[in-house]
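Examining the three-dimensional arrangement
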Amino acid sequence: MKQYEVFEIRLKGDAPKGSEAQVDVSATFACNGKTQQVKGFYDGAGNYVVRFLPEQCGKYTWQVSGALQESGVEWCDASPNRHGIVKAEGLHFKHADGTWFTPYGTTVYALIHQEESLIQTTMNTLRNAPFNKIRFCVFPKHYDFNHNEPKYYPFRKTNGVWDVHKPCYEYWHNLETRITQLDDMGIQGDLILFHPYDRWGFAEMGVENNLIYLDYLLRRLAAYPNLWWSMANEYDLFAGLTTEDWDVMTRFVAEQDPYGHLLSNHNCFPYWDFSQDWITHCCIQDTNVNEVPELQRKYGKPVVFDECRYEGNIVHSWGNLSAREMTHRFWTAMVYGGYCTHGETFYSEDEILWWAKGGVLKGKSPERIAFLRTIMDELPGPLEAVTEGVGALTVDMIEEMKVKGVPEQWKDDFFARNLIHLPTERILPFLLRHRPCLGHCGKDAYIRYFEKECTSVGIMDLPEDGVYRVDIIDTWEMTRKTVCSDASGQIRVDLPGKEGMALLALKTAEKASV
């Protein structure tokens, strides 16, 4: 048994007489005074399996109960280079061992539903790409550029109808192989549990069947440390499911997952209610990546733009971003302390588009995302948005001033005095236009990203009590040049008057007192 690695108990028994998805098998694990119970599952051919994720080292005793009984003792040792499940920590993410995790995502919806050679090509591409998180679906997807019939489905049929009580074991073995491959590469799988792009009937199973499916999925997969649960891709497009239905299902996943994997829900139009206690982070489809600070203030959780359109050239408006624009959205979201997800949709003669099926990457944004990652990896921790000047004001603050008046500390602020006269719907657009895209890591690092400004002078306010090295970064050309090694206070740096420039200030010393 290894810490943060799946431990599996396999037992032989008679095939279930009723449901093959909801068998009466569970196990209790005990270590260092902590006890944890997990459900087992049936894996076909008389095989019963219990999977467990040990999160501490030491001596474990375990007891299988229910339809089968067995017991044992295992010693759990530390596993090098394993960090455990990723969980939300404030506005950011951390592994179970306390290591920060910064997601650089991509999307291949029908990854596991392709032929073996294409899947291996995709895995080889991922091995050399900058991405450490990938969104993909449990169910096959029917949409443009993705009409192939998969080899396996999650269930077998009874009288021509999908039967959630009869798992297709070949399908689940294939899915688990892909999850393990991703884990071996250090990639988190953001597993999409439902989606509406369906011609087989999986999107219309009803809540009762959905819960049986979710129960089986959690029995099989919850012990994998590199998974996130995305309840749906575009939950609001399911005609047969209400918001209350989704509440029931998201709560079920949160309550039945013994390890507390990350859990969220992805929109097409209205955002999910990320304030719910059992939702761990904001999973958003939208283009307004510059609103990361507002979303952080509203929900107090990590903000991930998991779909902000895709780099490509297809006819659909969501699939023809330039590489420069995709790069820009990553920089904006991340400098503000949020996170972004890549996707790619270029026409090809074989109709293999990365966003749908995988294959090879053709765009120019991945190498620039890799460049961004090298910069962010140098920082001692995650970025937080710097709110200075007009950026320190929020819509809520302005609305409160309308009622209570402008407080003393804001009376000399031009924007505070004048924004109180604007209607509510015009306040946020004004703030977004005038706020600098500026992030900091305590007093150790500051980044100002100038977005699409073509300024010839970059201004940034640094603490007076620190000494900073200042670099000019060209986010498109992927260059970095040190222009000052002893900066403090307000600095003014000559810039080339082109978009996509940034300033990075890294603290090198405390300023000597006079």
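Since the model is a prediction, treat every value here as computed from it, not as a measurement.

1. Topic: unusual backbone geometry
Positive phi outside glycine occurs at Asn81, with the angle close to 70°. Inspection of the secondary structure assignment puts Asn81 in the loop between strand 7 (70–76) and strand 8 (86–89). For Asn81, a relative accessible area of 73% translates into the label exposed. Although it is not a glycine, Glu234 adopts a positive phi angle of roughly 65°. Summarising the element assignment, Glu234 is placed in the loop between strand 15 (227–230) and helix 4 (243–256).

2. With respect to helix 4
Taking 1.5 Å per residue, 14 residues should reach 20 Å; helix 4 reaches 20 Å between its end C-alpha atoms and fits that length. Of all the residues in helix 4, the buried ones are Asp245, Trp246, Met249, Thr250, Phe252 and Val253. Axial view of helix 4: buried residues confined to an arc of 155°, hence all on one face. Of the exposed residues in helix 4, those oriented more than 90 degrees away from the buried face are Glu244 and Glu255.

3. Let's talk about the sheet that holds strand 5 (residues 47–52)
Strand order in this open sheet of three strands is 1-5-4, and the pairing throughout is antiparallel. Among the strands making up the open sheet, the edge pair consists of strand 1 (7–12) and strand 4 (41–42). Taken together, the two bridges between strand 4 and strand 5 define a ladder with antiparallel strand orientation. Within the sheet, the bridge partner assigned to Phe41 lies in strand 5 and is Val49.

4. Digging into the packing of helix 3 (residues 207–221) against helix 4
Their axes nearest at 10 Å, the elements helix 3 and helix 4 cross at an angle of 20°. Regarding the angle of helix 3 to helix 4, the classification is roughly parallel. The interaxial crossing formed by helix 3 with helix 4 has right-handed handedness. For the pair helix 3 and helix 4, the contacting residues are Val207, Asn210, Leu211, Leu214, Asp215 and Leu218 in the first and Asp245, Val248, Met249, Phe252, Val253 and Gln256 in the second. Its residues assigned to classes, the contact of helix 3 with helix 4 shows eight nonpolar, two polar and two charged.

5. A look at the nonpolar core
By size, the foremost hydrophobic cluster in this structure holds 124 residues, and its most contacted members are Leu193, Phe194 and Tyr213. The element contributing the most residues to this core is helix 3, with seven residues. In this structure, Leu438, Met460, Leu462 and Leu503 belong to the second largest nonpolar core, which totals 16 residues.

6. Let's talk about the sheet that holds strand 20 (residues 339–340)
Backbone-to-backbone hydrogen bonds join strands into a sheet, with any given pair of strands oriented parallel or antiparallel. Strand order in the open sheet made by the three strands is 17-18-20, with parallel pairing throughout. With one partner strand each, in any of the chains shown, strand 17 (282–285) and strand 20 form the two edges of the open sheet. On the sheet, helix 5 (residues 292–299) packs against strand 17 and strand 18 (303–307) and is oriented at approximately 125° with respect to strand 18.

7. Quick look at helix 7 (residues 365–378)
Spanning 14 residues, helix 7 covers 20 Å between terminal C-alpha atoms, matching the ideal 20 Å at 1.5 Å per step. Those residues of helix 7 that sit buried are Ser365, Pro366, Arg368, Ile369, Phe371, Leu372, Ile375 and Met376.

8. Here's the deal with the pattern of salt bridges
Following the criterion strictly, the structure yields 32 salt bridges and no others. Arg51 serves as the salt-bridge partner of Glu8, at 2.8 Å between the closest nitrogen and oxygen. Taken together, the positions of Glu8 in strand 1 and Arg51 in strand 5 put the pair 43 residues apart, joining distant regions of the chain. According to the relative accessible area criterion, Glu8 is partly exposed, its value standing at 33%. The buried category is assigned to Arg51, whose relative accessible area is 6%. Residues Glu325 and Arg329 are paired through a salt bridge, measuring 2.8 Å at the closest nitrogen-oxygen approach. On the criterion of helical spacing, the pair formed by Glu325 and Arg329 is a turn pair, its members being four residues apart in helix 6 (residues 323–335). For the pair Glu325 and Arg329, one class covers both residues: buried. Residues participating in the shared-partner salt-bridge network are Glu8, Arg10, Asp43, Arg51, Glu176 and Arg220.

9. Some thoughts on the pairing of strand 27 (residues 479–487)
Pairing of strand 26 (residues 466–474) with strand 27, which is carried by six bridges, proceeds in the antiparallel orientation. Directly across from Ile473, in strand 27, lies its bridge partner Arg480. Where strand 26 hands over to strand 27, the hairpin turn is made up of four residues, of which Met478 adopts a positive phi near 60°.

The rules behind these values
- Residues numbered from 1 in each chain as written.
- Predicted model: local features only at pLDDT ≥ 70, side-chain atom pairs only at ≥ 80, totals over all residues.
- Heavy atoms only, no water.
- Helix = DSSP H or I, 4+ residues; strand = E, 2+ residues; numbered from the N terminus.
- Buried < 20%, exposed > 50% of the residue type's maximum accessible area, 1.4 Å probe, protein only.
- Expected span 1.5 Å × (residues − 1).
- Arc of directions from axis to C-beta.
- Pairing = 2+ DSSP bridges.
- Axes fitted to C-alpha atoms, helices over the stretch in contact; angles between N-to-C directions.
- Parallel < 35°, antiparallel > 145°, perpendicular 65-115°, else oblique.
- Left-handed = near helix turned anticlockwise from the far one by under 90°.
- Contact = heavy atoms within 4.5 Å.
- Nonpolar A, V, L, I, M, F, W, Y, C, P; charged D, E, K, R; others polar.
- Core = buried A, V, L, I, M, F, W, Y, C linked by side-chain atoms within 4.5 Å.
- Salt bridge = Lys/Arg side-chain N within 4 Å of Asp/Glu carboxyl O.

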